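Coordinates in review
Chain by chain, the residues run as shown.
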Amino acid sequence: MLDSYCHLKEGLLGGQKTETSDPTTLEVYAKKINDYVDIARSQAEQDPLINEFIATCPPNGRVLDFGCGPGHYAEMMAVAGLRVDAIDACAEMVRYAKRVSNVATRQATFDDLDTTDLYDGIWVNFSLLHAPRSAFPTHLSAIARALKQGGVLFVSLKRDYGSARDLLGRYYTYFQLSEIECFLGDAGLSPSRHWSGSGFGLSGEHAEWLMVEAYA
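Residues numbered from 1 in each chain as written. Predicted model: local features only at pLDDT ≥ 70, side-chain atom pairs only at ≥ 80, totals over all residues. Heavy atoms only, no water.

Considering the overall build of the protein chain
Per the secondary structure count, the protein chain includes eight helices and nine strands. Over its C-alpha trace the protein chain gives a radius of gyration of 16 Å, about what one expects of a compact globule, namely 17 Å for 216 residues. With the C-alpha coordinates aligned to their principal axes, the bounding extent of the protein chain is approximately 45 × 40 × 30 Å. Of all 216 residues assigned to the protein chain, the portion counted as buried reaches 50%. The contacts in the protein chain between residues at least 6 apart in sequence include a share of 66% that link residues at least 24 apart. Here the protein chain carries 19 positive and 28 negative side-chain charges, and the mean point of each set is 4 Å from the other. (Helix = DSSP H or I, 4+ residues; strand = E, 2+ residues; numbered from the N terminus. Rg over C-alpha atoms; globule rule 2.2 N^0.38 Å. Buried < 20%, exposed > 50% of the residue type's maximum accessible area, 1.4 Å probe, protein only. Contact = heavy atoms within 4.5 Å. Lys, Arg positive; Asp, Glu negative; His and termini not counted. Charge placed at Lys NZ, Arg CZ, Asp CG, Glu CD.)

Here you go:
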């Protein structure tokens, strides 16, 4: 089954560039920012995986929070002594995240990542899953280029099949572990550990999730 999926993905690589910022999803985050801030703060404070990410990065390393939301994770990275860049496509999220000290925060989309050999680590926490599946090869290749040799990626996604909108209208692309590992490998990244779990998000719906660690 994995071989068949990888063959399908090769066809996606040759396609035209896909618009990856879904307007409806951004509108939901803008309208629900106060609710989302509260949920995101609680999740960050209780999330042991951010500590795994920080411990994997070298002291004073440069890292990117790729889809930073209100900036709670970026703040934890900065407090730990990392040099943090943070981007998000939602203007309201960026305005809120800019309250965080010692973090370089700006509004940008996934398509705007164009650096090379810059980061020791990139944290992608339930953000890239809003991009269409056809855009994943491009985005993961950009992440691989932006990482230094040996740099680490932590990427979290919702685990399911296909794509859909939630009750609030946000667009999601879902993955199984074998699928995301296939994408990572073709981007030149080597998957290492992974974690899984389940919980409730902004829409109130229950969902399963997975987090994958990979190295450049």
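Here we look at helix 8 (residues 177-186)
Within the span of helix 8, buried status applies to E179, I180, C182, F183 and L184. Trailing helix 8 by a residue or two, G188 shows a phi angle of about 90°, which is positive.

Considerations on the layout of surface pockets
Considering only enclosed or pocket space, the largest pocket measures out at about 970 Å³ in volume. Every residue lining the largest pocket is counted, 49 residues in all, and those nearest its centre are Y36, Q43, N125, F126 and S127. Of all the elements in the fold, those that place two or more residues in the lining of the largest pocket are helix 2 (23-31), helix 3 (33-45), helix 5 (72-79), strand 2 (83-88), strand 4 (119-125), strand 5 (147-158), strand 8 (190-200) and strand 9 (206-215). Counted by class, the lining of the largest pocket contains 25 nonpolar, 16 polar and eight charged residues. (1 Å grid on protein atoms, 1.4 Å probe; cavity = no way out; pocket = protein on both sides within 12 Å on 5 of 7 lines; lining within 4 Å. Points joined across faces, edges and corners; volume = space filled by probe spheres on them. Nonpolar A, V, L, I, M, F, W, Y, C, P; charged D, E, K, R; others polar.)

All we've got here are geometric facts, nothing functional implied.
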